[in-house]
Amino acid sequence: MSAAGAESTLLTVRVDRKVYRRARTEPVEAVRGLAFSLRPAEITCLIGPSGAGKTTTLRILLGLDHDFEGAVTPDPNAVGIAMVFQDPRLLPWRTIEQNVRLGLPRERRGRDLDGLFEALGLAPWRDRFPGALSLGMQRRVALARALALEPRILVLDEPFVSLDDAAAAGLRALVVETVARMGTSILMVTHNVGEALEIADRLLLVSARPATLLATVPLDRPRGQRDRGFLESTRADLAARFPGVIAQ
Ligand SMILES: Nc1ncnc2c1ncn2[C@@H]1O[C@H](COP(=O)(O)OP(=O)(O)OP(=O)(O)O)[C@@H](O)[C@H]1O
């Protein structure tokens, strides 16, 4: 990808304020002042305390919630956006292949998916049912289902949580590979700072509720050169600067 391409913006998100209002309960202000852009072939990690307003921000960015002050431009559906939830949400009575195909619009269901299944290590599992797969493999299927849509933006909510180290590392490598291979822009919510420091190009640190953008932290060192020393010193530096967000 050219330098100009890498710098171009796919989506700009600006949430000035998001308040949940329900009858007979106090309004809940979930987000106040959170703006960022997403660019191709970049991994952006959104990190903040529990209950800060991260899922709320994702819902706004996906175009699922329009009731907020601010703007998401252009329309994310026009750009091409897909989401992978923590819970893989597979249909147990459909094969892996059917699960992936059913995520596609009807006219694209017959498309060639050999390359995708191969790239995600799912080729031997195409005819099996989700119940035969570990949680890590089911998450791969959920990733395949999202990638089959060929989105330019992929949103991941805690994709590696509750996986053993090997499964998490395998899935992380797949995400990184996808960015390199397809130029996808990834926005990932995570509580795992170590994981974010390993794979992100940029961290967005948000405060406790209402979520406010505290800092954008670029991680310029190439992923392959992020050794233990880099990870530990970067984490210590961030923990000193943002103690409410990043633990020592
Ligand atoms: N539909 C809703 N109605 C009222 N309040 C809501 C609604 N959805 C979320 N909230 C509140 O908004 C705040 C932010 O919630 P949100 O789920 O966005 O946080 P989060 O950062 O994703 O949390 P976590 O890290 O625990 O997943 C919380 O106080 C939550 O209770």
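Residues numbered from 1 in each chain as written. Predicted model: local features only at pLDDT ≥ 70, side-chain atom pairs only at ≥ 80, totals over all residues. Heavy atoms only, no water.

The name that an unreviewed UniProt entry assigns to the protein is NitT/TauT family transport system ATP-binding protein, with the source organism given as Methylorubrum rhodinum. Check the Sequence similarities (unreviewed entry) section of the UniProt entry for the protein; it says "Belongs to the ABC transporter superfamily." (UniProt positions renumbered as here; feature names shortened; annotations may be inferred.)

Draft legend 1. Structural detail: a nonpolar patch on the surface. On the surface, a cluster of nonpolar side chains totalling about 300 Å² of accessible area is made up of Leu91, Trp93 and Leu102. Inspection of the secondary structure assignment puts Leu91 in the loop between β5 (81–84) and α4 (96–102). A relative accessible area of 31% places Leu91 in the partly exposed class. (Patch = residues over 30% accessible without salt bridge, like charges linked within 9 Å, V, L, I, M, F, W, Y side chains within 5 Å. Areas by Shrake-Rupley, 256 points an atom, 1.4 Å probe, with all protein chains shown as cover. Salt bridge = Lys/Arg side-chain N within 4 Å of Asp/Glu carboxyl O. Helix = DSSP H or I, 4+ residues; strand = E, 2+ residues; numbered from the N terminus. Buried < 20%, exposed > 50% of the residue type's maximum accessible area, 1.4 Å probe, protein only.)

Draft legend 2. Highlighting the UniProt feature "domain: ABC transporter" (unreviewed entry) in the protein. Here, the residues flagged by UniProt with the feature "domain: ABC transporter" (unreviewed entry) are residues 13–233. Between the C-alpha atoms that bound residues 13–233 there is a distance of 30 Å. The span itself is 31% helix and 24% strand.

Draft legend 3. Examining the packing of aromatic side chains more closely. Tallied over the full model, the rule gives zero aromatic pairs. Taking NZ or CZ as reference, Lys18 lies 4.6 Å from the ring centre of Tyr20, over its face. In this arrangement the basic side chain of Arg89 is found over the ring face of Phe85, its NZ or CZ atom lying 3.8 Å from the centre. (Phe/Tyr/Trp six-rings, centres within 6.5 Å; stacked < 30°, edge-to-face > 60°. Lys NZ or Arg CZ within 6 Å of the ring centre and 35° of its normal.)

Draft legend 4. Structural context of helix α7 (residues 165–182). The terminal C-alpha atoms of α7, which comprises 18 residues, lie 25 Å apart, in line with the 26 Å expected from a rise of 1.5 Å per residue. Three or more residues of α7 are buried, namely Ala168, Leu171, Arg172, Leu174, Val175, Thr178 and Val179. Summarising the axial view, the buried residues of α7 lie within an arc of 155°, below the 170-degree limit, and thus occupy one face. For α7, the exposed residues set more than 90 degrees away from the buried face come down to Asp165, Ala166 and Ala180. The inward-facing, buried residues of α7 abut β3 (43–47), α5 (114–119), α6 (135–147), β6 (153–157), β7 (185–189) and α8 (193–199). N-cap assignment for α7: the residue whose side-chain oxygen lies 3.1 Å from the backbone N of Ala166 is Asp164. Positive phi appears at Gly183, one or two residues downstream of α7, with a value of about 70°. (Expected span 1.5 Å × (residues − 1). Arc of directions from axis to C-beta. Contact = heavy atoms within 4.5 Å. Polar contact = N/O pair within 3.5 Å; in protein donor to acceptor, adjacent residues only side chain to side chain.)

Draft legend 5. Structural view of the site of the ligand. Inspection of the region around the ligand gives 14 residues, with Gly51, Gly53, Lys54, Thr55 and Thr56 positioned closest. Here a nitrogen atom of the ligand sits 3.5 Å away from a polar atom, N or O, in the side chain of Tyr20. At a separation of 2.8 Å, an oxygen atom of the ligand approaches a polar backbone atom of Gly51. Taking 640 Å² as the accessible area of the ligand by itself, protein coverage stands at 64%. Broken down by secondary-structure element, the contributors of at least two residues to the shell around the ligand are β2 (28–38) and α2 (54–61). At three residues, the largest contribution of residues to the shell around the ligand is made by α2. A per-class count over the shell around the ligand returns five nonpolar, six polar and three charged. (Near = heavy atom within 4 Å. Nonpolar A, V, L, I, M, F, W, Y, C, P; charged D, E, K, R; others polar.)

Draft legend 6. Region of the structure containing the sheet that holds strand β4 (residues 69–73). Ordered by their spatial adjacency, three strands build an open sheet running β2-β1-β4, and the pairing between neighbours is antiparallel. A single partner strand is all that each edge strand has here, and the edge strands are β2 and β4. Neighbouring strand axes in the sheet, compared pairwise and without regard to direction, differ in orientation by 15° on average. Across five bridges, the pairing between strand β1 (residues 11–20) and β4 is antiparallel. From the neighbouring strand, Val15 faces β4, where its bridge partner is Gly70. In the packing of α2 onto the sheet, the strands contacted are β1, β2 and β4, and the crossing angle to β2 comes to about 55°. (Pairing = 2+ DSSP bridges. Axes fitted to C-alpha atoms, helices over the stretch in contact; angles between N-to-C directions.)

Draft legend 7. Structural detail: the pattern of salt bridges. Going through the model one piece at a time under the given rule, you end up with 17 salt bridges. As a salt-bridge pair, Glu150 and Arg108 come within 3.5 Å of each other at their nearest N and O atoms. Linking Glu150 in the loop between α6 and β6 with Arg108 in the loop between α4 and α5, this pair joins segments that are 42 residues apart in sequence. For Arg108, a relative accessible area of 28% corresponds to the partly exposed category. Across the pair Arg126 and Asp114 runs a salt bridge, and its minimum N-O distance is 3.0 Å.

Draft legend 8. Inspection of helix α9 (residues 228–241) at higher detail. A rise of 1.5 Å per residue sets the reference length of α9, with its 14 residues, at 20 Å; its end C-alpha atoms lie 20 Å apart and thus fit the reference within 8%. Considering only its buried residues, α9 is in contact with α8, β8 (202–206) and β9 (213–218).

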